[in-house]
Structures are given as structure tokens and as C-alpha cells.
Amino acid sequence: MKKELKLKVNGQPYELFVKPKTLLVEVLRDLVGLTGTKRGCSSSSCGACTVMLNGMSVKSCSVLALQANGAEVVTVEGLAKGNELSPLQRAFLDHGSYQCGFCTPGMLMSTTALLTENPKPTKLEIKEGIDGNICRCTGYNSIVRAVTAVVKGEYKEAK
Ligand code: FES
Ligand code: FES
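Below you will find a few notes about this structure.

About the thresholds
- Residue positions are given per chain, counted from 1 along the sequence in the order it is written.
- Numbering of ligands from 1 and lettering of chains from A proceed in the order in which they are written.
- In keeping with the model being predicted, local features are shown solely for residues with a pLDDT of at least 70 and side-chain atom pairs are shown and tallied solely at 80 or more, while totals for entire chains, interfaces and linings include all residues.
- To get the side-chain values, all heavy atoms of the structure are used, and hydrogens and water are removed first.
- Geometry is summarised by axes, namely lines fitted to C-alpha atoms with helices restricted to the contacting stretch, and by angles between N-to-C directions that run from 0 to 180 degrees.
- Secondary structure elements are defined from DSSP: runs of H or I of at least 4 residues count as helices, runs of E of at least 2 residues count as strands, and each element is numbered from the N terminus.
- Angle categories are assigned with fixed cut-offs, so that under 35 degrees is roughly parallel, over 145 is roughly antiparallel, 65 to 115 is roughly perpendicular, and the rest are oblique.
- With the far helix as reference, a near helix turned anticlockwise by less than a right angle produces a left-handed crossing, and one turned clockwise produces a right-handed crossing.
- We call two residues contacting when some pair of their heavy atoms lies within 4.5 Å.
- Ten residues, namely Ala, Val, Leu, Ile, Met, Phe, Trp, Tyr, Cys and Pro, are considered nonpolar, four, namely Asp, Glu, Lys and Arg, are considered charged, and the remaining ones, Gly among them, are considered polar.
- By convention a nonpolar core is built from buried Ala, Val, Leu, Ile, Met, Phe, Trp, Tyr and Cys residues, the set being connected through side-chain atoms within 4.5 Å.
- Relative accessibility decides the category of a residue: with a 1.4 Å probe and only protein chains considered, values under 20% of the type maximum give buried, values over 50% give exposed, and everything between is partly exposed.
- The criterion for strand pairing is that DSSP finds at least two bridges linking the strands in question.

1. A few points about the packing of helix 2 (residues 87–94) against helix 3 (residues 104–117)
- At a closest axis distance of 10 Å, the pairing of helix 2 and helix 3 adopts a crossing angle of 130 degrees. The orientation of helix 2 with respect to helix 3, classified from their angle, is oblique. As helix 2 runs across helix 3, the sense of the crossing is right-handed. Along the contact surface, helix 2 presents Leu88, Gln89 and Phe92, while helix 3 presents Thr104, Met107, Leu108, Thr111, Thr112 and Leu115.
- Classifying every residue of the contact of helix 2 with helix 3 gives five nonpolar, four polar and no charged.

2. Observations regarding the nonpolar core
- Core analysis: the biggest nonpolar cluster contains 24 residues, and Leu88, Phe92, Met107, Leu115 and Val147 have the highest contact counts within it.
- Elements represented by at least two residues in this core include exactly helix 2, helix 3 and helix 5 (141–151).
- For this core, the element with the most residues is helix 5, which contributes seven residues.
- Discounting residues that sit within four places of it in the chain, phenylalanine 92 has contacts with Ser97, Tyr98, Thr104, Met107, Leu108, Thr111, Ile143, Ala146 and Val147.

3. Observations regarding the pairing of strand 2 (residues 12–18)
- Relative to strand 2, strand 1 (residues 3–9) runs antiparallel, the two sharing seven bridges. Across the sheet, lysine 6 pairs through a bridge with glutamate 15, a residue of strand 2.
- The hairpin formed by strand 1 and strand 2 contains two residues between the paired strands, and asparagine 10 there has a positive phi angle of roughly 50 degrees.

4. Considerations on the pairing of strand 4 (residues 56–59)
- The pairing of strand 3 (residues 50–53) with strand 4 spans four bridges and is antiparallel. Bridge pairing in strand 4 places leucine 53 opposite methionine 56.
- Here strand 3 hands over to strand 4 after two residues, with asparagine 54 in that stretch at a positive phi of 50 degrees.

5. Section: the packing of helix 2 against helix 5
- The interhelical angle for the contact between helix 2 and helix 5, taken along N-to-C directions, is 135 degrees, at an axis separation of 8 Å. It follows from the interaxial angle that helix 2 and helix 5 lie oblique. Two packed elements cross with a definite hand, and for helix 2 against helix 5 that hand is right-handed. Residues Pro87, Leu88, Ala91 and Phe92 of helix 2 pack against Ile143, Ala146, Val147 and Val150 of helix 5.
- Grouping the constituent residues of the contact of helix 2 with helix 5 by class yields eight nonpolar, no polar and no charged.

The quantities given are spatial measurements derived from coordinates; they are silent on function.
Dropping the structure here:
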């Protein structure tokens, strides 16, 4: 039997009805229609489904939707302000921090959560911040370079 689920996604309120076993990633992609959040392994291993839940990064394939009842969720679609990409999004573009792009939303959400918690991480801390995210393409160095550029203040927040 379906149960009511209320949550905010990128500031927008939603009232939905979901089965007890429905996952947060399924709600975001299939009911809310935000397909930027990717579903790779479905077993909490690849990080492609990473979103922020009440300010903490979580793997949305490992969260039951009803566990997010009343929560605020931010997905990759919520990072830009209007047409202005976030500093990390711009840095990823400039540093070529993606190839196929499948991991990129999760990488952006994990690094956004990292910089929210620790605005001046060391290179090691940046690597630790993305150690739950798998990229088959870039070899990670360009991602670490992009985050480092943001940490150095080379990319300002949009006003
Ligand atoms: S799809 Fe969630 S961690 Fe891989
Ligand atoms: S850019 Fe292809 S998996 Fe990371």
C-alpha cells in the first residue's frame, strides 16, 4: 500500500504517494522527473546517485523514499542559480573533469557537500571526499584539480 511522502527538492515542495520499498533515487528520477541523478550500481558502491539530504551527501539508491519524508533534498539540478552554474560546475567544465559524464552529478554533489562542510580541504581531503564515487573515464586528477581551483578562490559564487 502506498504512503504519503512530502519532501522538498531543490526548494520545490512535493506531495507524492510511494510504496514502502520505493527508493529515493526512484522518486527523484521517476516521479519528480529529475534525471540528473544517475543510477549505476544500485548497491551504494558507485556514487552516481549522490544527492544532498538535509545538507548531508547520501547515496539515494540506499535511502528509502519514506526515510526522506519531510526532508530537503538537493540534486545536481539545484546547484545552478538560474542560468549561473555553481563554482564547482564551472570549474569542472574548465578543467575537463568529465568525459561520458555519468559520474559527474554524483561527483558534483559529493564535492559540493565536502566544500559546504570544509571550505578549505587539502588535496588528500578532496580525494577522501570523492572516494565513494567511481569514475570510469577521467582518472580523477582533473576532478581534484577543479575542486582545488575552487578552494583557491578561482571561481566565485554567483550573486
Ligand atoms: S547507484 Fe547508488 S551508489 Fe551506485
Ligand atoms: S566521466 Fe565517465 S564515469 Fe566519470
